[in-house]
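Coordinate analysis (summary)
Okay, here's what each chain looks like letter by letter:
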Amino acid sequence: MNLTLHVWRQQGPEDKGRLERYQAKDVSPDMSFLEMLDEVNEELIKEGREPIVFDHDCREGICGTCSQVINGQPHGPQAETTVCQLHMREFKDGDEIYIEPWRARAFPVVKDLIVDRTAMDRIIEAGGYVSVNTGGVADANAILIPKADADTAMDAAECIGCGACVAACPNGSAMLFVSAKVGQLAKLPQGRPEAARRVCAMTETMLDQGFGNCSNHYECEAACPKGISVKFISMLNREYFKALPKLKGNKDA
Amino acid sequence: MILDGKCPSGPLADKWDNHRRDLKLVNPANKRKYTILVVGTGLAGASAAATLAELGYNVEAFCYQDSPRRAHSIAAQGGINAAKNYPNDGDSIFRLFHDTIKGGDFRAREANVYRLAQISNNIIDQCVAQGVPFARDYAGYLENRSFGGAQVSRTFFARGQTGQQLLLGAYQAFSRQVQAGKIRVHARTEMLDLVVVDGEAKGITVRDLVTGEIRCHAGDAVVLASGGYVNVYNLSTNAMGSSVTAAWRAHKKGAYFANPCYTQIHPTCIPVTGDHQSKLTLMSESLRNDGRIWVPKNKGDQRPAQQIPEDERDYYLERKYPSFGNLAPRDIASRAAKQACDAGLGVGSGRGVYLDFTDAIERLGEDTIRARYGNLFDMYQRITGENAYQQPMRIYPALHYAMGGLWVDYNLQSNLPGLFVLGEANFSDHGANRLGASALMQGLADGYFIAPYTIADYLARTEPGKASSKDDEFRDSAAQVEGLTNKLLAVNGRKTVNDFHRELGHIMWEDVGMARSEESLRNALEKIPALREEFWNNVRVPGNGADLNQELEKAGRVADYLEFGELLARDALNRDESCGGHFRVEHQTEDGEAVRKDDQYSYVAAWEYGGTGKTPQLHKEPLTFENIELAVRSYK
C-alpha cells in the first residue's frame, strides 16, 4: 500500500517546528509502524536528506522508549499497543497519517519526534522505591502476600513509563504513572512503612516538574499501552489523604 | 600464554566464603573518596551502581537510553532461577550448579557457576524485599515454574514480565541513590573508548548523543555492564541500540575477548516475514511448559494445522528426547527445529514449526492458558495477525544472547586492572550455552552480590583520584574518538548503514550461524574484511557530529561489528569441536548430536587484539572439573 505521512520536524527545543509531507511507498501489511518509518528514512538518506529522528529501542512493546502521536492518539489507533507493536495491517492503502511527538509542558521536544522524559525519572527518585539496602534481608517466603494483593500490585507494576498517559491528558498530568508506582508499593507490606512520605513526595515532585493534575478525563487509561486502570488514581488519592494528617508538621514521617 | 582465572582453592561450597574473607575492605570513611564509572544500567549495571552507592562510593552511571529504566534487561519475559527448593521437588544449590554446567556443555568455570547457584537464593530475597511482585499462590507463598534444561520447578516469575520487574527493582534502588546524591546519571551518553593509564583502567570517553559533545570521565575503577553482542547478526531479539561497542573499544585497549563464538539461538521466536524486518520477537520459553512442538510428517503439507491428523504429525522433541521433551535446552531445541525445516518440513514460509496449545487448552481450559500466557498470545496476535488460541503459533529460532564476552577472573576483573565486567558483557558463567532463566540471575548476582566485594579489594590497593581527565591519555582518547566520528561522516558514499548491517548479518547467519563448518567459516573470514573495506569507502552517514544523529550512532556500532564479526568467526574456526551454541557440522553423531573434544578444547579462548585485520593472539585458560564428571550431555 501507499501512504502519505505528515511528520513533525523540529531541529531542537528552540525551533518552532512544522509538519512535513512524505510518501511511504510499497508498504507491506506485515511491517511494524517503525519499520515503515525505517524504509522512509532509507529513502531520505539516499536522497541526501536528513532522516526523521524518533525514539525506539526494544521494539517489543516493553521498554517504553517509542513515543509517537499517530493521528492524534499516543501510540496510534490500536488499543493497548505501543507504536513499535503497531502493524501496518491496521492501515489502508491511500491513508494520510499524522505523526507528532508527545505534547506536554513537562516533556520538551529534543528533536523531531523525540521528547525529554527525564521528569518521570525525577518522580521515581523522589520516592518510588522501597528503601532497602542490598544484603541482610529476610527469606523471601517470610513475607506472605495474599495472591489478590500480589496480582493487583503486578497490574500496577506493568507500567512501562512511556508517558502516553501524559501525552493523552488535557492537563498533561502524570497521575496515572504516579498512581501505578504508588499503587504497586501500597499493595505490598514491604512498601508500607514509608507509604505516607512516598505518596506526598512523588505527588509534589510531579507538580514541580510541570505536570498537571487529574480532572477525571480518563484519556490516560484509554491511551495506556499496558491497560493500567484509573482505579489506581483513586488508590493514589486515598493514599494521599491518609498521608496528610500524618505529615502535618512532620516532614520526616 | 596460560591465563589464570584466580579461582580460590578449597572445597567448592566454601570457595566464595573463604575468598570473601581474604578480600580487602575499604574503610567507610575512605569509600567516599573513590569514584566508580558504571557503563550500562541494565540488571548488572543498575544493581552494581545502586549497591556501590549504598556502600558509600561515588558512582557515575552511563547509558545510551533516555532513562536507565529502558535498558534491554527489561525485555526478558520468562523468569529467574534460584535453588530455593520451595516446591520440595529435589532442588539444591548443587543441582542448580550441575544443571548449569551441564547445560553449558562443560565449558564454564566450576567455581563461578557454583557461586552463582549459591547467590541465586539471596537474589530472590533481595528482590522481594524491594517490592518486586513475583507470582504468589493463594496461601501467599511464592510460585515457581520450570524452564528448559531442568526437571525441577525453580523459576520465579512475574507474569511474562519478569525482566521488567527485576530491572525496575534495580532501577528503583538506583533512583534512591540518585536522590541521595551518590549516583550521577548520564543518560543518552555512549561510551566510545576506555582510557588506560599505566596499564590500569581509569576512565572512559563518551559522546553526548544529544549535543554530540565528546567528553572524558576519570574514575578509580570502571565497571562495564554494557550487555551482549548478538546484533552482529543484524536480526536478533536484542534492542536496536544493543551493541558490542563499549566492550569492543575496551578490547582494542587491551582487554581480552573470550569465547565470542558462543552465541545463543533461542528456539521460540516469531518467524521472519520479509526484508523490511528490523527485529525479531521472542516468545517466552515458559510457553514450552504447556505448548507442544511439531511439524507435519509429510513434506510440503499445505493443509491448515487443524486439518492434519495426529498420526501425520511429528512431535519431534518428545520423540527424540522423551525425558525432557518440549523442555529440552535451547541449543538442542533450536537445532532440532532447523533440522526439521532443512528437511523440508517447515510450516508457514518454510522457516517455522508449530507450537501447539490445543491439548493444554483441552486439559486446562482456555482461561487457565490465558491467565498463564495471555500477554504473549496478545503480542503474537499483534505481530502475526493470528489467534493462537484457535490455531498453533509458528516459531523459529533466532539469535538471542551472547555467552562470550570480555574475559574476567573470579573477581569479575578483566586482564586490565580496574576494569570490571558484569552480566552479559563478560564471558564467565554460561559456558557454551545458557539455560533459561539464568541470565537475569547472573546479571543481578554480579551487580548486587559479587562486584561490590571484589571492587573493594582492588580499590583498597589503589590511591583515590590518581587519574584526571586532563591527563594526556584522556586527551589522546578524545582526539581518537573525534577522529573516528569525522571519518565516518566524511565517507559520503552510496549505501546506508542499514544496508551494511543487513549484509553483515546475512554472512554471519549463513556462515557462522546455528551450524558452522570449516568451509563456511573460512568463507566468512574472506567476506567480512571485504565488506568492511567497502563500508569505509561507501557508507553514507548524513548530518553532522554536533547534533543528535542516529545514523552516526548506528554507523559507529556497525563499524565495530564489522571488526568483531571477524573475531567471532575466527574463534569459531579455532574451536574445532561442537559444544552448546557452537555446532561444527564436522563433529556430530549419526543422529545429529554435538560431539565435544574435551582433551583438546576444554579451555576458555581469550583473544588479545592485534590491530584491525591483523591476527589476534590466542590465550588459553584451561578449564578443570573437580566436582563434576565430564559427560556427554543427554536429555533423552
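Keep in mind that this is a model prediction, so the values were computed, not measured.

Residues and elements named next belong to chain A. With phi around 65°, His75 is a residue other than glycine that occupies positive phi space. Looking at the secondary structure, you find His75 in the loop between strand 4 (73–74) and strand 5 (96–101). His75 gets classed as buried once you look at its relative accessible area, which sits at 1%.

Residue and element names in this part refer to chain B. Here chain B is partitioned into domain 1 (265–399) and domain 2 (472–619). Here domain 1 and domain 2 have C-alpha centroids that lie 31 Å from each other. On the domain 2 side, the residues contacting the 11 residues of domain 1 number 10 residues. Carbon and sulfur atoms supply 62% of the area buried between domain 1 and domain 2, which totals about 880 Å² over both sides. In this structure, the connection of domain 1 to domain 2 is made through zero salt bridges. Contributing elements (two or more residues each) for the side of domain 1 that touches domain 2: helix 9 (330–342) and strand 15 (393–402). In terms of residue count, the dominant contributor to the side of domain 1 that touches domain 2 is helix 9 (five residues). Each residue belonging to the side of domain 1 that touches domain 2 can be placed in one class, and the counts come to five nonpolar, two polar and four charged.

Residue and element names in this part refer to chain B. Of the strand pairs in this sheet, strand 7 (residues 200–208) and strand 8 (residues 214–218) are connected by five bridges, and their pairing is antiparallel. What sits directly across from Gly203, in strand 8, is Ala218. Hairpin connection of strand 7 to strand 8: five residues between the antiparallel strands, including Gly212 at a positive phi of 80°.

Turning next to the nonpolar core. Side chains that are nonpolar tend, in soluble globular proteins, to be buried together. Ranked by size, the top nonpolar core spans 233 residues in total, and within it Phe211 of chain A together with Ile80, Phe134 and Leu419 of chain B carry the most contacts. Considering every element that reaches this core, the biggest residue donor is helix 12 (residues 439–459) of chain B, with 13 residues. Residues contacting Phe211 of chain A, with those up to four places away along its chain left out, are Ala106, Phe107, Ala119, Met120, Ile123, Val166, Asn171, Gly172, Ser173, Ala174 and Met206 of chain A. One finds Val7, Leu44, Cys66 and Ile99 of chain A within the second-largest nonpolar core, a separate group that totals 26 residues.

Moving on: helix 4 (residues 93–103) of chain B. Residue and element names in this part refer to chain B. Taken as a whole, helix 4 has its buried residues at Leu96, Phe97, Asp99, Thr100, Ile101, Lys102 and Gly103. Those residues of helix 4 that are buried are in contact with strand 3 (80–81), helix 5 (110–130) and helix 12. Once helix 4 finishes, Asp105 follows within two positions and takes phi at roughly 55°, a positive value.

All names here are of chain B. With respect to the secondary-structure elements, Lys495 resides in the loop between helix 13 (472–491) and helix 14 (497–512). We classify Lys495 as buried; its relative accessible area is 18%. Those residues in contact with Lys495 that sit more than four places away from it in its chain are Phe500, Glu503, Glu534, Asn538, Val539 and Arg540.

Moving on, we come to the interface of chain A and chain B. Between chain A and chain B, the residue contacts involve 78 residues of the former and 76 residues of the latter. Across the chain A to chain B interface the summed buried area is about 6,400 Å²; carbon plus sulfur atoms make up 49%. It is Asp57, Glu60 and Thr134 of chain A that lose the most area in chain A upon contact with chain B, and together they represent 11% of the buried surface on that side. Here chain A is connected to chain B by nine salt bridges. Arg502 of chain B is the partner of Glu42 of chain A in a salt bridge, and the nearest nitrogen-oxygen pair spans 4.0 Å.

Residue and element names in this part refer to chain B. The strand order across the open sheet formed by three strands is 6-7-8, and the pairing between neighbours is antiparallel. Since the sheet does not close on itself, it has two edges, and those belong to strand 6 (189–197) and strand 8, each with one partner. Taken pair by pair, the neighbouring strands of this sheet meet at an average axis angle of 25°, ignoring direction.

Take the packing of aromatic side chains next. Residues and elements named next belong to chain B. In this structure the tally under the stated criterion is 27 aromatic pairs over all chains. Where Trp294 meets Tyr354, the ring centres are 4.8 Å apart and the plane angle is 45°; that geometry is what we call tilted. Of this pair, Trp294 sits in strand 12 (residues 292–296) while Tyr354 sits in strand 14 (residues 353–356), and the two are 60 residues apart along the sequence. Residues Phe357 and Phe377 carry aromatic rings whose centres are separated by 5.0 Å and whose planes lie at 65° to one another, so their mutual orientation is edge-to-face. Of this pair, Phe357 sits in the loop between strand 14 and helix 10 (358–364) while Phe377 sits in helix 11 (residues 366–384), and the two are 20 residues apart along the sequence. Judged on exposure class, the residue Phe357 and its partner Phe377 are both buried. Put simply, the rings of Tyr229, Trp248, Phe257, Phe564 and Tyr609 pair up and form one aromatic cluster. A cation over an aromatic ring shows up here: Arg145 above the ring of Phe157, its NZ or CZ 3.7 Å from the ring centre.

Glancing now at helix 2 (residues 118–125) of chain A. The buried count for helix 2 of chain A comes to six of eight residues, which makes it a mostly enclosed element. Regarding helix 2 of chain A, the residues found buried are Ala119, Met120, Asp121, Ile123, Ile124 and Glu125 of chain A.

Another aspect to go through is the pairing of strand 9 (residues 221–224) of chain B. As a general feature of sheets, a regular strand has side chains that alternate between the two faces. All names here are of chain B. Side chains Ala221 and Val223 of strand 9 all project onto a buried face; the interleaved residues Val222 and Leu224 project onto the opposite face, where all are buried too. As paired strands, strand 1 (residues 35–39) and strand 9 are joined by four bridges and run parallel to one another. Counted as the bridge partner of Leu37 is Val222 from strand 9. Bridge analysis of strand 9 against strand 17 (residues 419–421) gives three bridges, and the strand direction is parallel. Within the sheet, the bridge partner assigned to Val223 lies in strand 17 and is Phe420.

With that out of the way, let us pick up the sheet that holds strand 11 (residues 263–269) of chain B. All names here are of chain B. Spatial strand order, 11-15-14-12-13: five strands in an open sheet with antiparallel pairing. With one partner strand each, in any of the chains shown, strand 11 and strand 13 (313–314) form the two edges of the open sheet. Sheet topology places strand 12 next to strand 13; two bridges connect them, and they run antiparallel. Note that in strand 13 the partner of Pro296 across the bridge is Arg313.

Turning our eyes to something else, we now look at the UniProt feature "domain: FAD-dependent oxidoreductase 2 FAD-binding" (unreviewed entry) in chain B. Those residues carrying the UniProt feature "domain: FAD-dependent oxidoreductase 2 FAD-binding" (unreviewed entry) are residues 36–440 of chain B in this numbering. Helix makes up 29% of residues 36–440 of chain B and strand 20%, with an end-to-end C-alpha separation of 23 Å.

Across all of its chains, the model carries 77 salt bridges over all chains by this definition. For the salt bridge of Glu239 of chain A with Arg192 of chain A, the shortest nitrogen-to-oxygen distance reads 3.3 Å. Separated by 47 residues along the polypeptide, Glu239 of chain A in helix 8 (residues 231–247) and Arg192 of chain A in the loop between helix 5 (175–186) and helix 6 (195–208) bring together distant segments of the chain. When its relative accessible area of 7% is taken as the criterion, Glu239 of chain A is described as buried. Overall, the relative accessible area of 33% leaves Arg192 of chain A in the partly exposed class. A salt bridge links Arg319 of chain B to Asp314 of chain B, with the shortest nitrogen-to-oxygen separation between them at 2.9 Å. Since its relative accessible area comes to 14%, Asp314 of chain B is described here as buried. Several salt bridges share partner residues, and in doing so they unite Asp105, Arg107, Asp331, Arg335, Arg575, Glu577, Arg596, Asp598 and Arg633 of chain B into one network.

This part is about the domain arrangement of chain A. All names here are of chain A. The assigned domain composition of chain A is domain 1 (3–110) and domain 2 (117–252). Put simply, the middle of domain 1 and the middle of domain 2, counted by C-alpha atoms, are 30 Å apart. Taken residue by residue, the interface counts 19 residues in domain 1 and 19 residues in domain 2. Three residues, Glu80, Ala106 and Phe107, lead the burial of domain 1 against domain 2; their summed loss comes to 35% of the area buried on that side. Taking the shortest distance from any N to any O, the salt bridge between Arg117 and Asp55 comes out at 3.6 Å. Linking domain 1 with domain 2 are four residue pairs in polar contact (both at pLDDT 80 or more). Partitioning the side of domain 1 that touches domain 2 into residue classes produces eight nonpolar, seven polar and four charged.

Rules behind the numbers
Residues numbered from 1 in each chain as written. Chains lettered and ligands numbered in written order. Predicted model: local features only at pLDDT ≥ 70, side-chain atom pairs only at ≥ 80, totals over all residues. Heavy atoms only, no water. Helix = DSSP H or I, 4+ residues; strand = E, 2+ residues; numbered from the N terminus. Buried < 20%, exposed > 50% of the residue type's maximum accessible area, 1.4 Å probe, protein only. Domains from an automatic or database assignment. Contact = heavy atoms within 4.5 Å. Buried area = accessible area lost by both parts, 1.4 Å probe. Salt bridge = Lys/Arg side-chain N within 4 Å of Asp/Glu carboxyl O. Nonpolar A, V, L, I, M, F, W, Y, C, P; charged D, E, K, R; others polar. Pairing = 2+ DSSP bridges. Core = buried A, V, L, I, M, F, W, Y, C linked by side-chain atoms within 4.5 Å. Axes fitted to C-alpha atoms, helices over the stretch in contact; angles between N-to-C directions. Phe/Tyr/Trp six-rings, centres within 6.5 Å; stacked < 30°, edge-to-face > 60°. Lys NZ or Arg CZ within 6 Å of the ring centre and 35° of its normal. UniProt positions renumbered as here; feature names shortened; annotations may be inferred. Polar contact = N/O pair within 3.5 Å; in protein donor to acceptor, adjacent residues only side chain to side chain.

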